Amino acid sequence: MGKVTGFLEFERLEEGYEAVEKRVKNYKEFVIGLTPEQSKQQGARCMDCGTPFCNSGCPVNNIIPDFNDLVYRGDWKNAIEVLHSTNNFPDFTGRVCPAPCEAACVLNINNDAVGIKSIEHAIVDRAWAEGWIKPQPAKVKTGKKVAIVGSGPAGMAAAQQLARAGHAVTVFEKNDTIGGLLRFGIPDFKFDKAHIDKRVKQMEAEGVVFKTNVIVGEMPKGSKVTNWAKETVSAEQLKKDFDAVILAGGAEQSRDLPVPGRDLDGIHFAMEFLPQQNRVNAGVKMKDQLRADGKDVIVIGGGDTGSDCVGTSNRHGAKSVTQFELMPMPPEQENKELTWPYWPVKLRTSSSHEEGCVREFAIATKEFIGEKGKVTGLKTVNVEFKDGKFVEIPGTEKSYKADMVLLAMGFTNPVNTLLEGFGVEKDGRGNAKASTDIGGYKTNVEGVFAAGDVRRGQSLVVWAIREGRQAAREVDAFLMGSTSLPR
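These numbers were taken from a predicted model, which means no experiment stands behind them. (Residues numbered from 1 in each chain as written. Predicted model: local features only at pLDDT ≥ 70, side-chain atom pairs only at ≥ 80, totals over all residues. Heavy atoms only, no water.)

(A) Region of the structure containing the side chain of Ser307. Examined against the element boundaries, Ser307 turns out to sit in helix 15 (residues 304-316). The residues contacting Ser307, other than those within four sequence positions of it, are Gln323, Ser350, Ser352 and His353. (Helix = DSSP H or I, 4+ residues; strand = E, 2+ residues; numbered from the N terminus. Contact = heavy atoms within 4.5 Å.)

(B) Region of interest: helix 5 (residues 64-72). Most of helix 5 is tucked away, with seven of its nine residues classed as buried. Among the residues of helix 5, Ile64, Pro65, Phe67, Asn68, Asp69, Leu70 and Val71 are the ones counted as buried. Those residues of helix 5 that are buried lie in contact with helix 3 (36-44), helix 4 (53-57), helix 6 (76-84), helix 8 (100-103) and helix 9 (116-130). Immediately downstream of helix 5, the backbone of Gly74 shows phi near 80 degrees, a positive value. (Buried < 20%, exposed > 50% of the residue type's maximum accessible area, 1.4 Å probe, protein only.)

(C) Representation of the pairing of strand 3 (residues 145-149) within the structure. For strand 3, the tally of buried residues reaches four of five residues, placing the bulk of the element in the interior. Strand direction decides the pairing type here: strand 3 and strand 4 (residues 168-172), joined by five bridges, are parallel. From the neighbouring strand, Val146 faces strand 4, where its bridge partner is Val169. Viewed along the sheet, the connection from strand 3 through helix 10 (residues 153-164) into strand 4 turns out right-handed. Direction of pairing for strand 3 relative to strand 8 (residues 244-247): parallel, over a ladder of four bridges. Considered in strand 8, the bridge of Ala147 is made with Val245. (Pairing = 2+ DSSP bridges. Right-handed = clockwise from strand over helix to strand, strands pointing away.)

(D) Structural view of the packing of helix 6 against helix 9. One way to put it is that helix 6 packs onto helix 9 with a least axis distance of 9 Å and a crossing angle of 110 degrees. Between helix 6 and helix 9, the angle falls in the class roughly perpendicular. The handedness of the crossing between helix 6 and helix 9 comes out as left-handed. For the pair helix 6 and helix 9, the contacting residues are Trp76, Ala79, Ile80 and Leu83 in the first and Glu120, Ala122, Ile123, Val124, Arg126 and Ala127 in the second. A per-class count over the contact of helix 6 with helix 9 returns eight nonpolar, no polar and two charged. (Axes fitted to C-alpha atoms, helices over the stretch in contact; angles between N-to-C directions. Parallel < 35°, antiparallel > 145°, perpendicular 65-115°, else oblique. Left-handed = near helix turned anticlockwise from the far one by under 90°. Nonpolar A, V, L, I, M, F, W, Y, C, P; charged D, E, K, R; others polar.)

(E) Broad picture of the packing of aromatic side chains. As enumerated under the stated definition, the model contains 10 aromatic pairs in all. For the pair Phe184 and Trp228, a centre-to-centre distance of 5.1 Å together with 65 degrees between the ring planes defines the contact as edge-to-face. You can see Phe184 sitting in helix 11 (residues 181-184) and its partner Trp228 sitting in the loop between strand 6 (214-216) and strand 7 (231-233), a full 44 residues away along the chain. Between Phe449 and Phe478 the ring centres are 5.5 Å apart and the planes differ by 70 degrees, which places this aromatic pair in the edge-to-face class. (Phe/Tyr/Trp six-rings, centres within 6.5 Å; stacked < 30°, edge-to-face > 60°.)

(F) Region of the structure containing the pairing of strand 14 (residues 363-371). Summarising the sheet, strand 14 and strand 15 (residues 374-386) pair through eight bridges and their orientation is antiparallel. Counterpart to Glu371 in the pairing with strand 15 is Lys374. A loop of two residues connects strand 14 with strand 15, the two strands running antiparallel in sequence, and Lys372 in this loop sits at a positive phi of about 55 degrees.

(G) The arrangement of helix 20 (residues 461-480) in detail. Its 20 residues place the ends of helix 20 29 Å apart at the C-alpha level, agreeing with the 28 Å of an ideal helix rising 1.5 Å per residue. Of all 20 residues that make up helix 20, 14 are buried, and the element is covered over most of its length. Of the residues flanking the end of helix 20, it is Gly481, one or two places downstream, whose phi is positive at about 90 degrees. (Expected span 1.5 Å × (residues − 1).)

(H) Spotlight on the environment of Asp69. Turning to its location among the elements, Asp69 is positioned in helix 5. According to the relative accessible area criterion, Asp69 is buried, its value standing at 15%.

(I) Seen up close, the pattern of salt bridges. A complete count under the given rule lists 26 salt bridges for this structure. The partner of Asp125 in a salt bridge is Arg95, with the nearest N and O atoms 3.1 Å apart. You can see Asp125 sitting in helix 9 and its partner Arg95 sitting in helix 7 (residues 90-96), a full 30 residues away along the chain. The shortest N-O distance in the salt bridge between Glu467 and Arg456 comes to 3.9 Å. With a gap of 11 residues between them, Glu467 in helix 20 and Arg456 in helix 19 (residues 453-456) connect regions that are remote in the sequence. A residue is classified by how much of its surface remains accessible, and Arg456, at 24% relative accessible area, is partly exposed. What you see here is one network of salt bridges that share partners, running through Arg23, Arg315, Glu354 and Glu355. (Salt bridge = Lys/Arg side-chain N within 4 Å of Asp/Glu carboxyl O.)

(J) Structural context of the packing of helix 5 against helix 9. Helix 9 packs onto helix 5 with a crossing angle of 60 degrees between their chain directions and a minimal axis gap of 11 Å. Compared by their axis directions, helix 5 and helix 9 come out oblique. Crossing of helix 5 against helix 9: the hand is left-handed. Contact residues: Ile64, Phe67, Asn68 and Val71 in helix 5; Ile116, Ile119 and Ile123 in helix 9. A per-class count over the contact of helix 5 with helix 9 returns six nonpolar, one polar and no charged.

(K) Quick peek at the environment of Ala168. Along the chain, Ala168 falls in strand 4. The spatial distance from the C-alpha of Ala168 to the C-alpha of Ala79 is 30 Å, given a sequence separation of 89 residues. The residues contacting Ala168, other than those within four sequence positions of it, are Lys144, Lys145 and Val146.

Here it is as structure tokens:
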């Protein structure tokens, strides 16, 4: 805990943002982190609550009261040690995690939660600045080889854990740089990719080998999933060359909207639009980049990916941006007596929304309309959830102008050919079938494991890190007969 009376003395402090008019002119991170003194004050608010629900609210089970107390006492070096004991990449989660730990904070029952995410952000940034984060190569090598397919946060976490256990780890990535959707799906203004690069450099010093532009198996014909591979390796070859394989390729298949007019030009998946801008920011010259300049943009999907499309469109200079959400508008404030300590449903306004966006709720797209093969608008109707399904409300039909439509309705399942290439059984949602019981993360194929979105479906970065760490433990036990890696 922090200070005994801290939660009575100090208010919650939010991280700041650069002004909208300044930040929309570039793609740089614009969050202004807490100062050391502000972080100390926020750490002081951590209560002696007895049962810290924040620990279980956090998917990686961060030991939150301990690092809050260490920051309050000015022991930043031990704070990063505590943070790293459960989370390989707090520099990732401290920026892009929605902080379910804060929803579970005991203080959140009748007050503002402790600013856990902002403290985590401050700890890891200071640790990098002070040079405390260094490679931790294994002292003893096991002689065992592990292949990891996919270099998102699940693959990276598994790779780092297994390399530190002494195994020879090779990560295969079909695109030209490491990071998966963390690199190509999240805009730079929310997450600077230099944070990934620093971790990759650390992991290479720990012995991890990264092979980019290499696809395992084949991509389905006509797939619009990002794929810049120049080499191919078969599933059979990986099983032959390695003692164990972890599938961590994510759930990359975007959810489509099969309504009349879907084949018109100007309608794109978010994951066609967002990766291109990230590549341009990285210095890649693109001849046919999708641009929102001067266009009326409709974003279909009210989640984080939709919000990222809003922010990117505003930076392009869109004429207007409108975001559709199928669900009804949630309440501005949750009923804490009913929801705590669980993640509440409430209206969430992102920094991208604040930059300029009209939000429409309880709305469904009926048809795309166009001229000369290009989208010019769409027809909608309002809906309500009734008897377990969405029902159209008569008399609410409406037309919207649109030069560009971005489909950001989430992801349905992994690329099928990856699982089929290994002969891995699928669950009812098309994900890899692998339990999380002790001895879990195993698929039906001997020596092949699955972790992250490829196993659990579309989820958060913090969940991917948890899955990667836990899968690494199971692989280590499989290879060595026992393991000392944390679960």
